[in-house]
Amino acid sequence: MIRKPTLRDFRVIAFYTGKVVVWFGLLMLIPIGVGLLQREWKPVLDFATGLGLCLAVGYGLQLQWTDRSAPDLSWTQGMVAAALSWLVALLLGAVPYMLSGYWLSYLDAAFDVMSGFTTTGLALVQDLNHVPDSLNTWRMFISWLGGQGMVVLALSFFVQGLPGAYKIYVGEAKDERLLPNVIHTARAIWVVSIVYLAVGTALLWAAGLAIGLSPGRSLLHGLWIFMAAWSTGGFAPNPQNILYYHSFPYEIVGAVFLIIGSFNFNLHWSVWMGNRSEIRRNLETVTFAVSSTLLAALVAWELGRSGVYADAVSLFRKGYYQLISAHTTTGFMTIYARQFVLEWGPLALAAMIVAMVLGGSASSTAGGFKMLRVGIFVKALAHDVRRLLMPESAVSVQKFHMFRTVVLEDKTARSAMTIMLLYVATLTVGWAVGAACGYDLVSALFESASVTGNVGLSAGLTSPTMPAVLKVTYILIMWLGRLEFLSVFVLFGYVYAGVKGR
Amino acid sequence: MLVAALLMLAGAEAAGATGQGALPVSELIEHAAEYDGQTVTVEGEAVGDLMLRGESGWVNISDPTGDIGVWAPAQALRQIRNLGHYQTRGDRLLVTGRFNRADPVHGGDLDLHAESLLVVASGGRVDHAIPKGSLWLALSALVLGGAMTLAARIRQRIGVK
C-alpha cells in the first residue's frame, strides 16, 4: 500500500528545499560582483532579480515549517528534497538567463541551466562571443557547483546542525564518506575542489599568457576553463570551445584537470592523505585505464585508416583528446560538432558513444555508468564464468579493491546492473524521441548518449531550432542522469502517492 | 613573411570592399573535404582575443553561420583595432587564404592560413542602456525577497505553531 504523504511531509520537504534555494540565490552575488567590476549594469540587474526571487521562494518554502527547531528527515523526504531543490533552482536560475536576451525562450534558458547543473555542457545560448563576463562566469560557476553538488554546498557551510542532513546528501547521488560526519565530508570535498581551483586557474593563466592572451583575459579564461574542466562540464566562453585557443599546451593543461576531475573524491582524499598506491590498485582507475586505452586504440585505428588526420600529433590532439573528453564526460571539443558525423567513421563514432556511456568514476563530477559499476559488472561476469568451470562443491569468493578489499556480493552486482540498465533505457528513450523528431539515427544516438551520460559532445543536433519536445526530453534525461534516477523517481512517486495513496 | 605582411597591410581599410565571393563558415565545415587546400574568402567579425605568437598569430572570426580561426602574420593582425566582446563590436574582416580541413602545421585544426587580410569596417564600443523595466523588476524582486527573509526570521524567533 502506498502511503499518502501528509501535510507534515510536504512541510518538511519544503523547509529543506527552501534552505537550498536561498543559498543558491545568494550565490548570484558572484556574477553581480563580476558585473559591477566589469561595468556590466544590465546583467547586474538581471541577477539581482534572480537573487530576489530565490530569497522570496526559498524563505517562502521555509515558512511552511512552523516549529522553531528544524525537522528530521526520512530517507524518502531526503530524496524528494534533493530532486525538488534541483527543479526549483532550475526554474529560478533560468530567470536571469531569460532576462539577458541571449536565449530565445525560457525553455532554452532552462535547458542551459540544467546543462550547467548536471555538468553536461550542451548550450543553446545565442551570440556567445558577445555574452557579458558576468554571465559567462555564472555559466561556468553553476557547472562547477553542479559537479560538487548543490546540496553538498548547502550542507557544507549553510545547513549546520540540521538533523537528517545525510539523507538529503545521499539523495543527490553522493554516497562517499571521506570523514565520519557528513558535514565534514561535504566540507572536505570543497577543500579539495578549492585547492585545485587555485592551482588549476594559475596554471591555465600561465598557459594563456604563453599563447598570447592578455593578463586580464588569460585570468578570466583560466578560471572559466578550469571550472568547466574540473566539473567535467565542458562549457566554454566561445562557440569553438577549446579549438578557440589553437594551442596544444593549453589543451594539455585543461586535459589534466578534466581527467582528475573525473576521479572519485575519495581517491583524491586518499592520495592527499599519503596513500598513493591507491591510484594503481583502485578498481575504478584500473577500469578507466583499460577501457580508455581500448577505445582510444579503436578511434586511432579508424581515423588512421581513413586518413582523417595525417600525422600522429593531429591524431592525438583530435582523436585521443575527443575520446578522453567523452570518457570523462567533459565534452570539451577541439573539432567542430559536424565533423564527428561528416569525417569520423562508424567504428570511431561507436567508440565515442561507448566511452560517453561508460563515463567516469563514482563520487566524482563525471556522468555515465561510472567505472565502479563497469568494474563490478566485469568482476561479477568473470566470477560467474569461473564458478561454472569449478566443481560444484567448490566455494568461490570474488573480491575487488576500492580503498579497501571488498567482497563482491550478489546484491552489489545487481544494484550496479540495475542502474546501468536504467541508463541504457534512458538513452534509448532519448534516441527514440530524437529519431521521431526527424533526426538521422546516428546523430540522434550520439546526442542521446551525450545527454544521458551528461557529456556535452554534440554531433550538431542540439540547437535552438530543436523541437520543444526534444528539449524537454533532454532536460529530463540530464536531470535523471545526474541524480542517478532514484531521487527523481521518488519525487514522481511522491506526487503519485499524493494523488493515489491511502 | 615580411613581404606577405606588407602585401596585407597595403590592402588595409579598403573603402567599400565587399565580401562578394565570401563563403559562409558553415559551408566550409559542411564541405571541408571539397575545399581542403583551396584558396577561399571568408568575411566576419574579429572576436575574442588576438593571440600573437612570435611573427604570426591567431584571430577567430565570426559570421552568422559560425566561427573559424585565422592564422596570419602578426603585422597584419595588428591592424585589427576592435575585437568583439560584450561592450565592443569587432572589426569586420575580409580574409582570403588557404583553407585546411585538418591543418598538419597546427595539430589537425580546421582553419584558414591568411594570404590577405582586410579590415573592411571598423567596430567600436557598444553602449548597453539600462532599461527602466529591468531596474524596476530588480528592485521589486529584491523588496519581495527582503520581505520574505524578514518574515522567515521573525517566524523562526517566535516559533509560532
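See the structure shown above.
Counting of residues starts from 1 at the beginning of each chain's written sequence and follows it residue by residue. Key to labels: chains lettered from A, ligands numbered from 1, both in the order written. Per-residue local features are limited, in this predicted model, to residues with pLDDT of at least 70; the limit for side-chain atom pairs, both in listing and counting, is 80 or more; totals at the level of whole chains, interfaces and linings are taken over all residues. Heavy atoms throughout the structure, all of them, feed into the side-chain values; hydrogens and water do not.

Caption draft 1: The overall build of chain A, seen in detail. Helices and strands together make up the secondary structure of chain A, namely 22 helices and two strands. Residues count as neighbours in contact if any of their non-hydrogen atoms are within 4.5 Å of one another. The contacts in chain A between residues at least 6 apart in sequence include a share of 74% that link residues at least 24 apart. Entry remark: accessible area of chain A is about 18,000 Å², with carbon and sulfur atoms responsible for 68%. Positive charges come from Lys and Arg alone, negative charges from Asp and Glu alone, with His and the N- and C-terminal ends not counted. Note on charges: their place is set at NZ of Lys, CZ of Arg, CG of Asp or CD of Glu. Distance from the positive charge centre (34 side chains) to the negative charge centre (25 side chains) of chain A: 8 Å. Each helix is a run of H or I in the DSSP string that is no shorter than four residues. Each strand is a run of E no shorter than two, and both are numbered from the N terminus. The Shrake-Rupley method, run with a 1.4 Å probe, gives the accessible areas here. Residue values count only the displayed protein chains as cover.

Caption draft 2: Examining the packing of aromatic side chains more closely. Residues and elements named next belong to chain A. Pairing of aromatic rings covers Phe, Tyr and Trp, the last counted by its six-membered ring, and requires centre-to-centre distances within 6.5 Å; plane angles under 30 degrees mean stacked, over 60 mean edge-to-face, and any other angle means tilted. Throughout the structure, instances matching the rule amount to 25 aromatic pairs over all chains. Ring centres 5.3 Å apart and planes at 90° place the aromatic pair Phe15 and Tyr16 in the edge-to-face group. Taken together, a centroid distance of 4.7 Å and an interplanar angle of 35° make the contact between Tyr196 and Trp230 tilted. Separated by 34 residues along the polypeptide, Tyr196 in helix α9 (residues 182-210) and Trp230 in helix α10 (residues 215-230) bring together distant segments of the chain. According to the relative accessible area criterion, Trp230 is buried, its value standing at 0%. Following the ring pairs from residue to residue traces out a cluster consisting of Phe24, Phe47, Trp86, Phe117, Trp138, Phe141 and Trp144. In this structure, Arg139 packs its charged tip against the face of Phe235, placed 4.6 Å from the ring centre. Only protein chains enter the accessibility calculation, which uses a 1.4 Å probe; a residue whose area is less than 20% of its type maximum is buried, one above 50% is exposed, and one in between is partly exposed. Put simply, a charge is over a ring when the Lys NZ or the Arg CZ is close to the ring centre, within 6 Å, and near the line of the ring normal, within 35 degrees.

Caption draft 3: Fine view of the pairing of strand β5 (residues 92-103) of chain B. Residues and elements named next belong to chain B. Where burial is concerned, most of β5 is hidden: nine out of the twelve residues are buried. For two strands to be treated as a pair, DSSP must find no fewer than two bridges joining them. Here β5 pairs with strand β6 (residues 109-121) via ten bridges, running antiparallel. Bridged to Gly97 within β6 is Ala114. Count of turn residues in the β5/β6 antiparallel hairpin: five residues, of which Gly107 carries a positive phi of about 60°.

Caption draft 4: Focus on the environment of Lys19(A). With respect to the secondary-structure elements, Lys19(A) resides in helix α1 (residues 7-26). Residues Lys19(A) and Gly58(A), 39 residues apart in the sequence, show an inter-C-alpha distance of 6.3 Å.

Caption draft 5: Quick look at the nonpolar core. Within this scheme, the nonpolar core is defined by two criteria: the residues are buried Ala, Val, Leu, Ile, Met, Phe, Trp, Tyr or Cys, and they are joined through side-chain atoms within 4.5 Å. Judged by nonpolar contacts, the single largest core of 143 residues is most densely connected at Phe24(A), Trp138(A), Phe340(A), Trp344(A), Phe446(A) and Leu457(A). Tallying contributions element by element places helix α4 (residues 75-100) of chain A first for this core, with ten residues. Among residues more than four places away in sequence, those in contact with Leu457(A) are Leu122(A), Gln322(A), Ser325(A), Ala326(A), Gly331(A), Phe332(A), Met333(A), Phe340(A), Met352(A), Met356(A), Phe446(A) and Ser450(A). Leu28(B), Val42(B), Ile61(B) and Val70(B) belong to the second largest nonpolar core, which has 27 residues in total.

Caption draft 6: Quick peek at the packing of helix α17 (residues 346-358) of chain A against helix α20 (residues 441-452) of chain A. Residues and elements named next belong to chain A. Packing of α17 against α20 leaves a shortest axis separation of 8 Å and a crossing angle of 25°. As summarised for this structure, α17 and α20 are arranged roughly parallel, according to the angle between their axes. α20 is crossed by α17, and the crossing has left-handed handedness. Where α17 abuts α20, its residues Leu349, Met352, Ile353, Met356 and Val357 lie against Val442, Leu445, Phe446, Ala449 and Ser450. When residue character is reported, Ala, Val, Leu, Ile, Met, Phe, Trp, Tyr, Cys and Pro are called nonpolar, Asp, Glu, Lys and Arg charged, and the others, Gly included, polar. Grouping the amino acids of the contact of α17 with α20 by side-chain chemistry returns nine nonpolar, one polar and no charged. Working convention: axes come from line fits to C-alpha atoms, limited for helices to the stretch in contact. Angles between N-to-C directions cover 0 to 180 degrees. The cut-offs work like this: below 35 degrees is roughly parallel, past 145 is roughly antiparallel, 65 to 115 is roughly perpendicular, and the gaps in between are oblique. For any pair of crossing helices, the crossing counts as left-handed if the nearer helix is rotated counterclockwise from the farther one by less than a right angle, and right-handed if it is rotated clockwise.

Caption draft 7: Local environment of the interface of chain B and chain A. Of the residues lining the interface, 54 residues belong to chain B; the matching set on chain A comes to 53 residues. Approximately 4,300 Å² of surface area, both sides summed, lies buried where chain B meets chain A, with 56% of it carried by carbon and sulfur atoms. Any Lys or Arg side-chain nitrogen found within 4 Å of a carboxyl oxygen on Asp or Glu counts as a salt bridge. For the pair chain B and chain A, the interface holds four salt bridges. The partner of Arg338(A) in a salt bridge is Glu30(B), and the shortest N-O contact between them spans 2.6 Å. Two N or O atoms form a polar contact when they lie within 3.5 Å of each other; inside protein one atom must be a possible hydrogen donor and the other a possible acceptor, and for residues adjacent in sequence the pair counts only when both atoms belong to side chains. Our count for the contact surface shared by chain B and chain A stands at 24 residue pairs in polar contact (both at pLDDT 80 or more). Those elements that place two or more of their residues in the side of chain B that touches chain A are α2 (25-30), β1 (39-53), β2 (56-63), β3 (66-73), β4 (88-89), β5, β6 and α5 (132-158) of chain B. Counting residues per element, the side of chain B that touches chain A draws most heavily on α5(B), at 17 residues. Residue composition of the side of chain B that touches chain A, by class: 25 nonpolar, 16 polar and 13 charged. We define buried area as the total accessible area lost by two parts upon association, computed with a 1.4 Å probe and summed across both.

Caption draft 8: Quick peek at the pattern of salt bridges. Residue and element names in this part refer to chain A. Under the criterion given, the structure shown has 15 salt bridges over all chains. Between Glu484 and Arg373 there is a salt bridge whose closest N-O contact spans 2.8 Å. Of the two residues, Glu484 sits in the loop between α21 (468-483) and α22 (486-500) while Arg373 sits in helix α18 (residues 371-389), which places them 111 residues apart along the sequence. Note on Glu484: relative accessible area 13%, which makes it buried.

Caption draft 9: Geometry of the side chain of Ser314(A). With respect to the helices and strands, Ser314(A) occurs in helix α15 (residues 312-327). Excluding anything up to four places from it in sequence, Ser314(A) contacts Tyr309(A), Gly319(A), Asp103(B), Pro104(B), Gly107(B) and Gly108(B).

Caption draft 10: Local environment of the environment of Ile30(A). Residue and element names in this part refer to chain A. Looking at where Ile30 falls in the secondary structure, it is placed in helix α2 (residues 29-37). Put simply, Ile30 and Trp138 are 108 residues apart on the chain and 7.5 Å apart in space, counted from C-alpha to C-alpha. Excluding its chain neighbours within four sequence positions, the residues that come into contact with Ile30 are Thr137 and Phe141.

Caption draft 11: Region of the structure containing α10(A). Its 16 residues place the ends of α10(A) 22 Å apart at the C-alpha level, agreeing with the 22 Å of an ideal helix rising 1.5 Å per residue. Positive phi shows up at Thr232(A), right after α10(A), with a value of about 50°. Each helix should span, by expectation, one fewer than its residue count multiplied by 1.5 Å.

None of the figures reported here should be taken as evidence of function without further support.
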